[in-house]
Amino acid sequence: MDNYPLLNIFWTMLELFLWILWFFLLFKIITDIFRSHDMGGWAKAGWMVLVILLPLIGVLVYVIARGRGMGERDIAQAQKADAAFKAYIRDAAAAEPGEGAAQGPPGRSHVEDLAKLADLKASGAISEEEYQKAKDKLLV
């Protein structure tokens, strides 16, 4: 290790970083090829052959030809995932208590009951101990 200059260490680190960057870009393009709905099977196969057999040229041509669409598909995928997450949260918050849970009046959820308990505790109408007991009763 004594005969390996510091500049060579930096050069090796740069090469390693560029290889990792290259593989990330290659995998990103491969996933985009399969995720794209505006291409048929033969077009996808052609892009895959080009990207695998001539990687440097294939990746550069793909980014030039379809780079804008790649970004739009990423944004659409993120928006779709965000909408699904928000819908799941809405459904989970509005769900009625399951079997074995303490049932309140029909149409009320645990979230509303817990919010009312927190308001009562904040106003001083109930103590911390009463709040914990009521909360445990709701969540059982």
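Refer to the preceding data block for the structure.
If you're wondering where the values come from, they're calculated on a predicted model, not measured in any experiment.

(A) Spatial organisation of helix H4 (residues 110-123). Given a rise of 1.5 Å per residue, 14 residues ought to cover 20 Å, and the 20 Å separating the end C-alpha atoms of H4 matches this to within 8%. Taken as a whole, H4 has its buried residues at His110, Asp113 and Leu117. An end-on view of H4 places all buried positions within 65 degrees of arc, on one side of the element. Facing away from the buried surface of H4 by more than 90 degrees, the exposed residues are Asp119, Ala122 and Ser123. Among the structural elements, helix H5 (128-139) are those in contact with the buried residues of H4. Directly after H4, the chain includes Gly124, whose backbone phi takes a positive value near 90 degrees.

(B) Expanded view of the nonpolar core. Membership of the largest hydrophobic core is limited to eleven residues, which are Leu26, Ile29, Ile30, Ile33, Met39, Trp47, Met48, Val51, Val59, Tyr62 and Met70. Of all the elements in the fold, those that place two or more residues in this core are helix H1 (6-35), helix H2 (41-53) and helix H3 (55-94). Considering each element in turn, this core owes the most residues, four residues, to H1. Setting aside residues no more than four positions away along its own chain, Met48 makes contact with Ile30, Ile33 and Phe34.

(C) H1, seen in detail. Compared with an ideal rise of 1.5 Å per residue, which puts 30 residues at 44 Å, H1 spans 44 Å between its outermost C-alpha atoms and is within 8% of the ideal. Considered for burial, the residues of H1 that qualify are Leu26, Ile29, Ile30, Asp32 and Ile33. Looking at the buried positions of H1, the neighbouring elements they touch are H2 and H3.

(D) Representation of the packing of aromatic side chains within the structure. Per the counting criterion, the structure on display carries three aromatic pairs. Between Trp47 and Tyr62, the aromatic rings sit 4.9 Å apart at their centres with planes inclined by 90 degrees, giving edge-to-face as the arrangement. Of this pair, Trp47 sits in helix H2 while Tyr62 is found in helix H3, placing the two residues 15 residues apart along the sequence. Of the two residues, Trp47 and Tyr62, neither departs from the other in class, the shared state being buried. What links up through ring pairs into an aromatic cluster is the set Trp19, Phe23 and Phe27. Taking the ring centre of Tyr131 as reference, the NZ or CZ of Lys121 above it sits at 4.7 Å.

(E) Fine view of a nonpolar patch on the surface. A grouping of Val49, Ile52, Leu53, Leu54, Leu56, Ile57, Leu60, Val61 and Ile64 is seen on the molecular surface, where their side chains present a nonpolar patch of about 910 Å² in accessible area. Mapped by element, the contributors of at least two residues to the nonpolar patch are H2 and H3. The dominant element in the nonpolar patch, judged by the number of residues it contributes, is H3, at five residues. You can see Val49 is positioned in helix H2.

Scoring rules and cut-offs
- Residues numbered from 1 in each chain as written.
- Predicted model: local features only at pLDDT ≥ 70, side-chain atom pairs only at ≥ 80, totals over all residues.
- Heavy atoms only, no water.
- Helix = DSSP H or I, 4+ residues; strand = E, 2+ residues; numbered from the N terminus.
- Expected span 1.5 Å × (residues − 1).
- Buried < 20%, exposed > 50% of the residue type's maximum accessible area, 1.4 Å probe, protein only.
- Arc of directions from axis to C-beta.
- Contact = heavy atoms within 4.5 Å.
- Core = buried A, V, L, I, M, F, W, Y, C linked by side-chain atoms within 4.5 Å.
- Phe/Tyr/Trp six-rings, centres within 6.5 Å; stacked < 30°, edge-to-face > 60°.
- Lys NZ or Arg CZ within 6 Å of the ring centre and 35° of its normal.
- Patch = residues over 30% accessible without salt bridge, like charges linked within 9 Å, V, L, I, M, F, W, Y side chains within 5 Å.
- Areas by Shrake-Rupley, 256 points an atom, 1.4 Å probe, with all protein chains shown as cover.
- Salt bridge = Lys/Arg side-chain N within 4 Å of Asp/Glu carboxyl O.

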